[in-house]
Amino acid sequence: MAQTAQSDSRKATARGKMRGLMVDAGRVPETVAYYRRVIEFCADWELNTLQFRLADDQGSAMRFASVPDLVTHRNAFTPEQLKSLAEYGQNHGVDLIPELESFGHTGYITRSSAYAHLLDREATGSSEFTGIIPVNPESLQLFEKLYREVAATFPSIYLHGGCDEVNWGGSMLSRKALQTKTRGQIWAEFLNSLNQISAGLGKQFIVWGDIVLHKEPEILGQLSKNIIVMDWNYSDNSSARFRETFQKVSANGSRGIGAPALSCYKWGARVGTEQLRNIDAYADAYLETKDPNSLGVILTNWVPSRYVQNSIWDGFAYAAVAFNDGTGTAQTSGFRRFVEKHYRAKWNEVWDEVFHMIYDAAPYMKDRETASWMGLLLPVPWSNDEELTALLKDASPCPNPFTRIRSLLVQLEPLVVKNLSDFQAFGLCIEYLDRMFWREGVVIEQAARKPLERETTDLLIQSIAERDRELAEALTRDWDTGRFPDSAAKLEPVFDLQPKDQLLFQWERATAYSASLASHPDRFYQLVRMAKPV
């Protein structure tokens, strides 16, 4: 009885807070129909918030009338479309919080020739990141216009200004300002000025917490107390550490939001078990406390072109169970609830094996902060002579657990009663992983054969090319069904995205390369013959 009462108390505490998801339209805009479906999913799984990222270095997903010269995605939305989407959210009990990058990730502004003079990149800072000049009055004038349009479009009481991963200080204006003020002072003054603009529009201002909490923590005490700090940290799974961070926010008199991730920089088509623990830790830290300064938790999810669109609903569902009913419940029955509710299928041991295997086997980029490595490294499909030659020097092909998972999905498909297309998207994702590891392993094995037979290599490259083509066609059909067929992320390298971030585009490149080798099998034979495994 005591345990039940404790569980009910935890649920009651969580129900009074934000529990939501994030969509990254700033990187890759998806269709309004898809975003409506995300809203419906939130409502169905008792999530009350959807953070809608409007812009990033790649472009703006909103067409601004007051500032027409921004770098804008070709599939960007009108304010009317987004206003209608926000109203759709309201009607489903889901608050759409707009996020507009306002310090770092501002390439949508500074990559435009009209505003290139506002770029503030510091040569010694991270080459990955950008920044806008915080001490140039034009910057604030620009954001006053942009915020006004965003505030008129989204009825939420919140406005997220971003302000993470900033590389600034290289401009003449910033260097001059740094002669009389510290970086922390300039940071705080700029964020406080953005907050004033937001407050003047009747909005409560949110900023990311990586800089103000961790990298330059002296900023926090100088911020206006009504600025909300959203803490993200994808390399840690310690609820105790996240609680400690939140307590710093609360002790400062500020409010905080926890921000775990599903898809983030570590992952490709699927995320691993470690990422579920990140979700758990944030849920425990921010949703179990009765401190009113904890506003809740929003699950971030980055760069849609990394994954097959409808293949990740299980991850969203797991987070919803963790947020609403606790992490213990999510760990023991989160995926069972997903299967029974989303697929309306009967749970069995095969489902259990599939979900354990796919999360445990998800290939992963080695974390820059992690000294040791265990698990499958995340590859990008080889698509040129250099990549193939480098691969052939590896004498030991990686294990491929995805063939087994695909065979299990064949058994499960007849059980799926609802959302069959989502199950098929999940299967397509597993097929992609299977094919990617298969094509790596099979050429490594071929190179190791003695003697090397020309006929065998000719047949192999023809088989690889045919399988590549079939999968490329399936991935393209899937993309065109749920995303824009002319999306830049599908057709070309996107500014500041890595090869692993564009699953379909990179597979198309690999397909074109294997087709060229199949047309000239002598080239493939020579590449394999010249390989010298070590």
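Since we're looking at a predicted model, the values are computed, not measured.

**Brief notes about the confidence of the model for the chain**
Residues at a pLDDT of 70 or more form 96% of the chain, whose mean pLDDT is 94. Within the model, pLDDT remains below 50 along residues 368–373, and this stretch shows six contacts once partners closer than five positions in the same chain are excluded.

**Re the sheet that holds strand β3 (residues 55–56)**
Pairing is mixed across the open sheet formed by three strands, whose spatial order is β3-β4-β5. Each edge of the open sheet carries a strand with a single partner, namely β3 and β5 (72–77). Here strand β4 (residues 59–62) runs beside β5; their pairing, made up of two bridges, is parallel. Bridging from a neighbouring strand, Met62 pairs with Phe77 of β5. Lying over the sheet, helix α3 (residues 79–91) contacts β4 and β5, oriented at roughly 45 degrees with respect to β5.

**Comments concerning the packing of aromatic side chains**
Scanning the entire structure with this criterion turns up 35 aromatic pairs. Their ring planes at 55 degrees and their centres at 4.7 Å tell us that Phe103 and Trp187 sit as a pair that is tilted. Highlighted residues: Phe103 in the loop between β6 (95–99) and α4 (107–110) and Trp187 in helix α7 (residues 183–200), separated in sequence by 84 residues. When the ring of Tyr432 is compared with that of Trp507, the centres are 5.5 Å apart and the planes differ by 70 degrees; the resulting orientation is edge-to-face. Of this pair, Tyr432 sits in helix α16 (residues 420–448) while Trp507 sits in helix α19 (residues 503–519), placing them 75 residues apart in sequence. Here a set of aromatic residues connected by ring pairs shows up, and it is made of Tyr34, Tyr35, Phe41, Trp45, Phe52, Phe77, Phe154, Trp313, Phe316 and Phe484. The lysine or arginine in question, Lys341, covers the ring of Trp45, its NZ or CZ lying 4.5 Å from the ring centre. The aromatic ring of Tyr307 is capped on one face by Arg483, whose charged end is 5.6 Å from the ring centroid.

**Here we look at empty space enclosed by the protein**
For the structure on display, the rule yields four cavities of 30 Å³ or more. Those elements giving two or more residues to the lining of the largest cavity turn out to be α16 and α19. For the lining of the largest cavity, the leading source of residues is α16, giving three residues. Residues that form the lining of the largest cavity fall into these classes: ten nonpolar, three polar and two charged. Here the second largest cavity is characterised by a volume of approximately 70 Å³. Lining the second largest cavity are Leu262, Ser263, Gly268, Ala269, Arg270, Val271, Tyr307, Ile312, Asp314, Gly315 and Tyr359. Classifying every residue of the lining of the second largest cavity by side-chain character gives six nonpolar, three polar and two charged.

**Details of α19**
The end-to-end C-alpha distance of α19 is 24 Å, a good match for the 24 Å that 17 residues give at a rise of 1.5 Å each. Structurally, α19 contributes buried residues whose contacts are with α14 (385–392), α16, α17 (454–482), α18 (488–491) and α20 (521–530).

**Quick word on the packing of helix α5 (residues 137–153) against α7**
Helix packing for two helices is described by the angle between their axes and how far apart those axes are. In contact at an axis separation of 10 Å, α5 and α7 are set at 30 degrees when each is read in the N-to-C sense. Compared by their axis directions, α5 and α7 come out roughly parallel. Relative to α7, α5 is oriented so that their crossing is right-handed. Mapping the contact onto sequence places Ser139, Leu140, Phe143, Glu144 and Tyr147 in α5 and Phe190, Ser193, Leu194, Ile197 and Ser198 in α7.

About the criteria used
Residues numbered from 1 in each chain as written. Predicted model: local features only at pLDDT ≥ 70, side-chain atom pairs only at ≥ 80, totals over all residues. Heavy atoms only, no water. pLDDT = per-residue confidence, 0-100. Contact = heavy atoms within 4.5 Å. Pairing = 2+ DSSP bridges. Helix = DSSP H or I, 4+ residues; strand = E, 2+ residues; numbered from the N terminus. Axes fitted to C-alpha atoms, helices over the stretch in contact; angles between N-to-C directions. Phe/Tyr/Trp six-rings, centres within 6.5 Å; stacked < 30°, edge-to-face > 60°. Lys NZ or Arg CZ within 6 Å of the ring centre and 35° of its normal. 1 Å grid on protein atoms, 1.4 Å probe; cavity = no way out; pocket = protein on both sides within 12 Å on 5 of 7 lines; lining within 4 Å. Points joined across faces, edges and corners; volume = space filled by probe spheres on them. Nonpolar A, V, L, I, M, F, W, Y, C, P; charged D, E, K, R; others polar. Expected span 1.5 Å × (residues − 1). Parallel < 35°, antiparallel > 145°, perpendicular 65-115°, else oblique. Left-handed = near helix turned anticlockwise from the far one by under 90°.

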